[in-house]
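Below, each chain spelled out in residue letters.
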Amino acid sequence: MLRRLLLQAPTSCRRLSNAYHYSAPSHSPRFFSSSSSSQSPNSSFIEHVEDNANHSTSPPSATVSVDRSGLYNPPEHSHEPSSDSELVKHLKGIIKFRGGPISIAEYMEEVLTNPKAGFYINRDVFGAEGDFITSPEVSQMFGEMVGVWAMCLWEQMGQPNKVNLVELGPGRGTLMVDLLRGASKFKNFTESLQIHMVECSPTLQKLQHSNLKCKDEDNTDDKVNKRSVSTLTGTPVTWHAALEQVPSGLPTIIIAHEFYDALPVHQFQKASRGWCEKMVDVAEDSSFRFVLSPQPTPATLFMMKRCKWAATEEIAKLDHIEVCPKAMELTQTIADRISSDGGGALIIDYGLNGVVSDSLQAIRKHKFVDILDNPGSADLSAYVDFASIRHSAEEASGDVSVHGPMTQSQFLGSLGINFRVDALLQNCTDDQAESLRTGYWRLVGEGEAPFWEGPDEEAPIGMGTRYLAMAIVNKRQGVPVPFQ
């Protein structure tokens, strides 16, 4: 099946953009790094002092003493004009209104998806001119291989006449474009598809609409979930703000590529009084700083749940723990959908198959910056806890099975990317051949490309072992390719 798909797929190269010649730095957030900008020396960090429980008890007195040390103390009012951005003012307003710090998860969610000034909302952040490059932007082969996986799962499902194909956080729509183009000769598959793009950014929705060469349907009463048709394969396409809005009742294939890493995380730090949640507060000089919560927070329940899933020795050696409640909840939603409707989900992201310690990082123009510096101007992302995804799915439903994770290199290699690159190299120019080899290395290689002869700072960095792939499928479908 795999070889047949690869040999029959179109062998022409799409026109390669300058993005393919760009080499992202090895410390890009989409390329693993052991460092974290939350540990930057420029970040201000203060631990709240514990109340002294050993004070001697004095006789009752008519005087009542109130401890206001934990309350928010705003800086003195100034009539000088503020240079703060609207998002910074909004964040400081939330902290002031609450009378205390907010969680890193709330800070992260505002920074990335605030309706007016969120990082993802009003701009194209992908590619050489953006802030980072993702695998679909590196090479057309990535989307084609994901398409091979989807077709194989569709066959295992019994080749249903209608199937929902859902992509979470589609970016520019590049992955879906390459998937449809690669599968265009397999009419039974493409004619069965109902594509659903889960995207909250109006700017990216328009870009996806354009790249998929969509034409809007004239006769539709649904103004919220607009329906279009991609002229690439004649496939209907609909946009949604959340997975829950995708209609149920059809077998569903879900693709989540570099989606989980942008979900907001809570961070916990081990202190003298136990595990404390790390929060964002406003310092006396009006800058943002990290503090520790003086009391347990609601997210502590998720941390305790995550610790129960881990071995005692794994937790004992850690001073920091990251948990992502929204990843757990999303996984449960995916598992419920697959359990009731059939199908499966493919999750590809950079992360660990275990507890994540302190991985939150900020990237602006392909360079690390401080997490608290000029919020809204940089991407925030964190490693994905694949073990947590597994436990969340298995806990949600007994009708699904979880497979992997395996490395991206193993995943793409097993699907036949080696055959695909050979086929493409037979029908391209010298410049395209160089770009194909560079893109291939980035997808499946490890470290710097050995064939590179250009400047060292531009050497392609392989992400083949830094990214992991995991599948969640309905047990009726059996074990999905290539996890057998």
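The preceding data block contains the structure.
Keep in mind that this is a model prediction, so the values were computed, not measured.

This part takes up the packing of helix H9 (residues 300-309) against helix H11 (residues 325-341). A pair of packed helices can be characterised by two numbers: the angle between their axes and the separation between those axes. Packing of H9 against H11 leaves a shortest axis separation of 10 Å and a crossing angle of 70°. Compared by their axis directions, H9 and H11 come out roughly perpendicular. Note on element contacts: H11 touches H9 through Pro325, Met328, Glu329 and Gln332, opposite Phe302, Lys305, Arg306 and Trp309.

Bringing the environment of Glu109 into the picture now. Of note, Glu109 is situated in helix H3 (residues 104-113). If near-sequence neighbours (up to four positions away) are discounted, Glu109 is found in contact with Asn114, Pro264 and Lys326.

Moving on to unusual backbone geometry. Of note, the amide linkage connecting Gly404 to Pro405 takes the cis form, showing an omega dihedral of 10°. Inspection of the secondary structure assignment puts Pro405 in strand E18 (residues 400-407). Of note, the amide linkage connecting Val481 to Pro482 takes the cis form, showing an omega dihedral of 0°. Take Pro482: it is sitting in the segment after strand E21 (467-474). In this structure, Gln159 is a non-glycine residue whose phi angle is positive, near 50°. Of note, Gln159 is situated in the loop between helix H5 (140-156) and strand E3 (163-168). The phi dihedral of Glu258 is positive, around 50°, even though this residue is not glycine. Structurally, the position occupied by Glu258 is in the loop between strand E8 (252-257) and strand E9 (266-271).

This paragraph deals with the pairing of strand E14 (residues 361-364). Along a regular strand, successive side chains alternate from one face of the sheet to the other. As paired elements, E14 and strand E16 (residues 379-381) share 3 bridges and run antiparallel to each other. Across the sheet, the residue bridging to Ile363 is Asp379, located in E16. Where E14 hands over to strand E15 (residues 367-369), the hairpin turn is made up of 2 residues, of which Lys365 adopts a positive phi near 50°.

Reading guide: rules and limits
- Numbering of residues begins from 1 in every chain and follows the order in which that chain's sequence is written.
- Residue-level local features of this predicted model are given only where pLDDT is at least 70; pairs of side-chain atoms are given and counted only at 80 or more, and the full residue set underlies all totals for whole chains, interfaces and linings.
- Where side-chain values are given, they derive from all heavy atoms of the structure, hydrogens and water being excluded.
- Angles run from 0 to 180 degrees between N-to-C directions of axes, and those axes are lines fitted to C-alpha atoms, restricted for helices to the stretch in contact.
- In DSSP terms, a helix is any run of H or I states spanning at least four residues, a strand is any run of E spanning at least two, and both are numbered starting from the N terminus.
- Any angle that falls under 35 degrees is termed roughly parallel, while one over 145 is termed roughly antiparallel, one within 65 to 115 roughly perpendicular, and all others oblique.
- Note on definitions: a residue-residue contact is assigned when non-hydrogen atoms from the two residues lie within 4.5 Å.
- Any two strands between which DSSP finds at least two bridges are classified as paired.

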